[in-house]
Amino acid sequence: MFFGKKWLFSMMIIAGLSVVMAGCGESKAALSPDKINVVASFYPLYDFTKKIGGDHVNVINLVPTGVEPHDWSPKGRDMQNISRAQMFLYLGAGFEGWVDDTLSSLQKDTKVTVVEASKGLSLIEAAEEEVQEAKGKADSHNHTATEHGHVDPHVWLSPLNAKQMALTIKDQLVQIDAAHKADYEANYTKYAAQLDQLHNQYKQALTPLTKKQIVVTHQSFAYLTKEYGLTQKPIMGLSPDAEPTSKGLQEINEFIRTNNVKYIFFEELVSDRLAKTLAKDAKVETMVLNPIEGLTDEQTKAGADYISLMEVNLKNLIKALQ
Ligand code: ZN
């Protein structure tokens, strides 16, 4: 055949292009054809699922590294991943303001198992001023009314809650992929023991300290402080972009002096401007207390995870409460 060579050449070019394009299209957010795909709504759920799923599970974290999840919402590709995955895991408790719309717009033929990780946990009611603030921000996607009323969604910052969510994730993986039940059980047992150990470290270190008050920017530590007998004084609200009033700032300044507070805690995914200004006014220092809503690029590269970041948090808490 006289056109054979030309035809073969064309096919080689097309084949070559396909390989190049597949390479380009391959991102961290791709579904895997031969693993159980779990789409997690934000970092802690991603981390817990990776620890329990091990090699059998491909986990996609919807919120990109370095992005604060409170104001994030899914795009077209995320929606596609959610409806084609075996499991979609979200926190609930009003944390993902976008989730109801997302669930109702899922394709009718989707086989995805939807799991609300905070289900069964005892939730802390938001303070009255928070409710007012949320009502005032009519278009806010965060911390809006849920069927339980207004609740604080930051449940994962108590290691015992993390353990409970890990159990929920393990049970769901076993349901979806019974063939690997033994591995999921073993991974869960190991991870649960690490979370118990983390809880004991917190309890042993924090219980003897006489100072109990911490000043934080974003009101995200209620579950942690409740568990270990501390109280948090937040500068901002449940959502990190809620700005304080000047009266509020004055009150915090007074609080710092009255309680002999040495540090104002801030977090890395939002601006530290307010914490730095307030610290300068009150003549105190700033330090990081990480709400672990997402990782920075550096933390990802360094292999940080929920447990290692919680260990850093404990060190900083001890330093602040001396
Ligand atoms: Zn938050």
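Each value, and the rule that gives it
Residues numbered from 1 in each chain as written. Predicted model: local features only at pLDDT ≥ 70, side-chain atom pairs only at ≥ 80, totals over all residues. Heavy atoms only, no water. Donors = N, O, S within 2.8 Å, 3.2 Å for Na, K, Ca; no water. Tetrahedral: all angles 85-135°; square planar, octahedral: opposite > 155°, others 65-115°. Helix = DSSP H or I, 4+ residues; strand = E, 2+ residues; numbered from the N terminus. Buried < 20%, exposed > 50% of the residue type's maximum accessible area, 1.4 Å probe, protein only. Phe/Tyr/Trp six-rings, centres within 6.5 Å; stacked < 30°, edge-to-face > 60°. Lys NZ or Arg CZ within 6 Å of the ring centre and 35° of its normal. Core = buried A, V, L, I, M, F, W, Y, C linked by side-chain atoms within 4.5 Å. Domains from an automatic or database assignment. Contact = heavy atoms within 4.5 Å. Pairing = 2+ DSSP bridges. Axes fitted to C-alpha atoms, helices over the stretch in contact; angles between N-to-C directions.

Participant: How do you make sense of the coordination of the zinc ion when you look at a structure like this?
Facilitator: Put simply, the ideal angle at a metal is 109.5 degrees for four donors in tetrahedral geometry and 90 or 180 degrees for six donors in octahedral geometry. Within the protein, the atoms that donate to the zinc ion are H70 (NE2), H154 (NE2), H218 (NE2) and E293 (OE), at distances of 1.9 to 2.3 Å. Taken together, the four donor atoms coordinating the zinc ion and their angles of 96 to 126° define a geometry best described as tetrahedral. Motif for the zinc ion, donor spacing along one chain: H-x83-H-x63-H-x74-E. One end of the pair, H70, is in the loop between strand 2 (57–61) and helix 3 (76–84); the other, H218, is in the loop between strand 7 (213–216) and helix 8 (222–227), with 148 residues separating them in the sequence. Judged by relative accessible area, H218 falls into the buried class, the value being 1%.

Participant: Can you walk me through the packing of aromatic side chains in this structure?
Facilitator: The description of an aromatic ring pair rests on the distance of the ring centres and on the angle between the ring planes. On inspection of all chains with the given rule, the structure shows 10 aromatic pairs. Between F42 and W156, the ring centres sit 4.8 Å apart and the planes meet at 75°, which makes this aromatic pair edge-to-face. Of the two residues, F42 is situated in the loop between strand 1 (36–40) and helix 2 (43–53) and W156 in the loop between strand 6 (151–152) and helix 6 (159–176); the sequence distance between them amounts to 114 residues. Accessibility assignment for this pair places F42 and W156 in one class, buried. With a centroid separation of 5.3 Å and 65° between ring planes, the pair formed by F95 and W156 is classed as edge-to-face. Of the two residues, F95 is situated in the loop between strand 3 (87–90) and helix 4 (99–104) and W156 in the loop between strand 6 and helix 6; the sequence distance between them amounts to 61 residues. Among the aromatic residues, those joined into a cluster by ring pairs are W72, F88, Y90 and W98. Above the face of the Y188 ring, K170 is positioned so that its terminal group lies 5.6 Å from the ring centre. Against the face of F266 rests K276, its NZ or CZ located 4.8 Å from the ring centre.

Participant: Quick question: what am I supposed to make of the nonpolar core here?
Facilitator: Note that soluble globular proteins tend to have their nonpolar side chains buried in a common cluster. With 72 residues, the main nonpolar core has W156 and Y306 as its most contacted residues. When residues in this core are grouped by element, the largest group, eight residues, is from helix 7 (residues 181–206). For this core, the two domains that each supply at least three residues are domain 1 (36–200) and domain 2 (201–321). Not counting residues up to four positions away in its chain, the partners in contact with Y306 are Y43, D47, F48, W156, L157, S158, P159, A162, Y191, L195, L198 and I292.

Participant: Please clarify how the side chain of Q232 should be interpreted in this entry.
Facilitator: Summarising the element assignment, Q232 is placed in strand 8 (residues 231–234). Classification of Q232 as buried rests on a relative accessible area of 16%. Those residues in contact with Q232 that sit more than four places away from it in its chain are I214, V216, H218, Q219, S220, F221, A222 and T225.

Participant: Help me understand the sheet that holds strand 10 (residues 285–288), please; the structure alone is not making it clear to me.
Facilitator: In a beta sheet, neighbouring strands are held together by backbone hydrogen bonds and run either parallel or antiparallel to one another. Spatially, four strands are ordered 8-7-9-10 in an open sheet, and the strand pairing comes out parallel. Strands at the two margins of the open sheet, each flanked by one partner only, are strand 8 and strand 10. Ignoring strand direction, the axes of neighbouring strands in this sheet form an average angle of 40°. When strand 7 meets strand 9 (residues 263–266), the two strands line up parallel, connected through two bridges. Bridging across to strand 9, V215 finds its partner in I264.

Participant: Sorry if this is basic, but what is going on with the sheet that holds strand 2 here?
Facilitator: As summarised here, the arrangement of the four strands in space is 2-1-3-4, forming an open sheet in which the pairing is parallel. Looking at the sheet topology across the chains shown, the edges are occupied by strand 2 and strand 4 (113–116). Each strand of the sheet is rotated relative to its neighbour by a mean of 20°, with strand direction disregarded. Where strand 1 lies against strand 3, three bridges are found, and the strand directions are parallel. Along strand 3, the bridge assignment pairs A40 with L89. Contacting strand 1, strand 2 and strand 3, helix 2 runs over the sheet at an angle of about 170° to strand 2.

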